[in-house]
Amino acid sequence: MNAGTKTRLWAGVPQGGTGGHSRRLQARRRVLLCASCGLVALFVLLTVALTTGEMGMPAGTALRALVGLGDSGDVLVVQQFRAPRAFAAIVAGAGLGVAGCVLQRLFRNPLASPDVMGVTGGASLGAVSLIAAGVSQTLIPVGALAGGLLSALLLGVFAWRSGVAVTRLVLTGLAVQAGLAAAVNLLIVRFPAELAGSALQWTTGSVYGRTWTEVWGAGGAMVAALAVTLVLHRRLAVLDLGDDSAGALGLSTSTARLQLLFVAVMLASLAAALAGPVTFVALAVPHIVRFLTGPPTAVSLALAGLTGAVLLLASDLVVQHLLPVEGLPVGAVTATLGAPWLLVLMFRQSKPVHRSHA
């Protein structure tokens, strides 16, 4: 089978004939429909986030307050408390969704996620270290970002000797994640009681108390990283063909894999800097998008960001308004959803593949 045939099979759409054209149109309509539904869902969830709380308000009032119009009390509640939290969930969810898609395609493994690659462990260690040092709360996201990037550096150094082989990267990521998690637990155990609770809540994942400075800072960097991801999508599509075929097409597989790995880690680190190490989102979003739209494309990669934003914002609304426990981090909800999801995926992966020998 030559490279051109593999490309057509991966795209899932024949390249010639009226049947292929019809399938392409159907795929585009399906993606457009999913994107439209996702945007509507995101707008509805954002409206709910801005209007509900101890001081409820009509949707029109909340939307006007978001742009600084109306009663000063409404403007204060919406602009300083509700909107930053909602937009932090949107930005972090988008980054996690795209990072999960890139990692699962890069490693050809449906279980790959920033949790497996050690990014969340590095972000937790960076944040907890700054909490232990007693620095300002505004610097903790910076420590999380630095920790996530440090874990990526460790991952690259440890896996480099094998030529960045997929299996070596996954195993090294698991080792890095385990070591960083152990370091975080050791720090929390040795914390004074007044700091242990704060550190434990942050390492679970939460968008509570986010500010516009944090949202704009992480959001701007996230947009840049997403743009780079879309630019590199063609290389990711070539890697989907396999290393032999990608090399035959002139692509340096090790370099391309490192570039894509760095961008995915940057997205996950920015999300962790804003919301903490939120689990499940990056693991589930690629499967949801693949189920809705079929084989991956650049457009479905953008749809993954939208799906992640919807999923994390919805989870945060569940934490705020549907659960009886106050102050529960959003990471607790996503982890609760993610545990059975991970078990199902592992069960499906462990099922033997029956091949016909006709």
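For the structure, check the block above.
Residues numbered from 1 in each chain as written. Predicted model: local features only at pLDDT ≥ 70, side-chain atom pairs only at ≥ 80, totals over all residues. Heavy atoms only, no water.

Trainee: Outline the overall build of the protein chain, supporting the account with residue identities and numerical values.
Mentor: When its secondary structure is counted, the protein chain shows 15 helices and zero strands. Of all intrachain contacts in the protein chain linking residues separated by at least 6 positions in sequence, the fraction that spans at least 24 positions is 74%. Of the accessible surface of the protein chain, which amounts to about 17,600 Å², a share of 67% is contributed by carbon and sulfur atoms. (Helix = DSSP H or I, 4+ residues; strand = E, 2+ residues; numbered from the N terminus. Contact = heavy atoms within 4.5 Å. Areas by Shrake-Rupley, 256 points an atom, 1.4 Å probe, with all protein chains shown as cover.)

Trainee: So what's going on with the side chain of aspartate 74? Which residues, and what values?
Mentor: Topologically, aspartate 74 is positioned in helix α4 (residues 72-107). No salt bridge forms around the buried aspartate 74; measuring N to O, its nearest opposite-charge neighbour arginine 64 is 7.3 Å away. Every residue in contact with aspartate 74, bar those within four places of it in the chain, is listed here: Met55, Met57, Thr61 and Ala65. (Buried < 20%, exposed > 50% of the residue type's maximum accessible area, 1.4 Å probe, protein only. Lys, Arg positive; Asp, Glu negative; His and termini not counted. Salt bridge = Lys/Arg side-chain N within 4 Å of Asp/Glu carboxyl O.)

Trainee: Tell me what's going on with the pattern of salt bridges, and back it up with residues and numbers.
Mentor: Tallied over the entire structure, the rule returns three salt bridges. Ionic pairing is found between aspartate 240 and arginine 105, a salt bridge with its closest N-O pair at 2.4 Å. Residue aspartate 240 is located in the loop between α10 (233-239) and α11 (243-248), and its partner arginine 105 is located in helix α4; the two are separated by 135 residues in the primary sequence. A single burial state applies to aspartate 240 and to arginine 105, both of which are buried.

Trainee: Break down the packing of helix α3 (residues 59-66) against α4 for me, citing the residues and quoting the values.
Mentor: At a minimum axis separation of 9 Å, α3 and α4 run at an interaxial angle of 85 degrees. When the axis of α3 is compared with that of α4, the two are roughly perpendicular. Contact with α3, carried on its side by Thr61, Ala62, Ala65 and Leu66, involves Asp74, Val75, Val78, Gln79, Ala83 and Phe87 of α4 and no other residues of that element. Residue composition of the contact of α3 with α4, by class: seven nonpolar, two polar and one charged. (Axes fitted to C-alpha atoms, helices over the stretch in contact; angles between N-to-C directions. Parallel < 35°, antiparallel > 145°, perpendicular 65-115°, else oblique. Nonpolar A, V, L, I, M, F, W, Y, C, P; charged D, E, K, R; others polar.)

Trainee: Describe the state of the cysteines, with residues and values.
Mentor: Considering all chains together, one arrives at zero disulfides under this definition. Between cysteine 34, a cysteine without a disulfide, and cysteine 37, which holds the nearest cysteine sulfur, the sulfur-to-sulfur distance is 6.6 Å. Taking relative accessible area as the criterion, cysteine 34 reaches 17% and is therefore assigned buried. (Disulfide = S-S within 2.5 Å.)

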